[in-house]
Amino acid sequence: MKVFLSGSIRGGRQLLPVYQFICGYLRRNGHEVLSWHVAHDGVEMTESLMSESQIYERDMGFLKTSECMIAEVSMASTGVGYEVCSAINKGIPILCVHRPDTNVSAMILGNTNGNVTVKEYSDNEDLEGILREFLASF
Ligand SMILES: O=c1[nH]c(=O)n([C@H]2C[C@H](O)[C@@H](COP(=O)(O)O)O2)cc1CO
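Model, not experiment: these values are computed from the prediction.

### Re the pairing of strand β4 (residues 94–98)
Counting buried residues in β4 gives 5 out of 5 residues, a clear majority hidden from the surface. Here β4 shows no split at all, with I94, C96 and H98 on one side and L95 and V97 on the other all buried. Direction of pairing for strand β3 (residues 68–72) relative to β4: parallel, over a ladder of 4 bridges. Residue A71 lies in a different strand from β4, and its bridge partner there is C96. For the crossover from β3 across helix α4 (residues 78–90) to β4, the handedness is right-handed. As paired elements, β4 and strand β5 (residues 116–120) share 5 bridges and run parallel to each other. Bridge pairing in β5 links H98 to E120.

In structure tokens, the structure reads:
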């Protein structure tokens, strides 16, 4: 599947290892991660070579062809929230994952849209099971 991976950039990069784990899992299982740059440790440097509108247009272009979204929502990120909302408007399935010790927005936790699934994970093994179940549902 073509997957849009959404994860914090300017909202903080503390969970980069989680984005890398998700990206690696998806690729190992034959999926195409269109927004792989989210899991790249040099993303701020490479993105600094692009204008704000180039970044926006590229990501919205990725979203157009994505078949589902996986969003790590533990960090308070404006961009992740915007992308989740855009995916809701597009009508594709969205898996939002977060760690137990985080302050996730009610706009995610309280979202009753039928395409939105929100799951808490405690470690990579737990997260892998959640990813497997979500991807098996198609
Ligand atoms: O440089 C960028 N490149 C980029 O692709 N994004 C997109 C992808 C991420 O899923 C999301 C991160 O948003 P934010 O930077 O507000 O945390 O927005 C966001 C930025 C910076 O806002």
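### Quick notes on the environment of H37
Within the element layout of this structure, H37 appears in the loop between β2 (32–33) and α2 (43–47). Measuring from C-alpha to C-alpha, the distance between H37 and I9 comes to 10.0 Å, with 28 residues separating the pair along the chain.

### Examining the site of the ligand
By nearness alone, 16 residues border the ligand, and I9, R10, G11, S77 and G79 come closest of all. Those elements giving two or more residues to the shell around the ligand turn out to be α3 (52–65) and α4. A class-by-class count of the residues in the shell around the ligand yields 4 nonpolar, 8 polar and 4 charged.

### Some points on the UniProt feature "binding site: substrate" (unreviewed entry) in the protein
Those places that UniProt annotates as "binding site: substrate" (unreviewed entry) correspond, in this numbering, to F4, L5, S6, G7, S8, I9, R10, Y19, E83, S105, A106 and M107. Along the chain, the position of S6 falls in strand β1 (residues 2–6). Owing to 28 C-beta atoms within 10 Å, S6 belongs among the buried residues under this scheme. If we ignore the near neighbours within four places in the chain, the residues touching S6 are S35, V38, M69, A71, V80, E83 and V84. Secondary-structure assignment places S8 in the loop between β1 and α1 (16–28).

The rules we used
Residues numbered from 1 in each chain as written. Predicted model: local features only at pLDDT ≥ 70, side-chain atom pairs only at ≥ 80, totals over all residues. Buried ≥ 20, exposed ≤ 12 C-beta atoms within 10 Å, placed from the backbone. Helix = DSSP H or I, 4+ residues; strand = E, 2+ residues; numbered from the N terminus. Pairing = 2+ DSSP bridges. Right-handed = clockwise from strand over helix to strand, strands pointing away. Near = placed C-beta within 6 Å. Nonpolar A, V, L, I, M, F, W, Y, C, P; charged D, E, K, R; others polar. UniProt positions renumbered as here; feature names shortened; annotations may be inferred. Contact = placed C-beta atoms within 7 Å.

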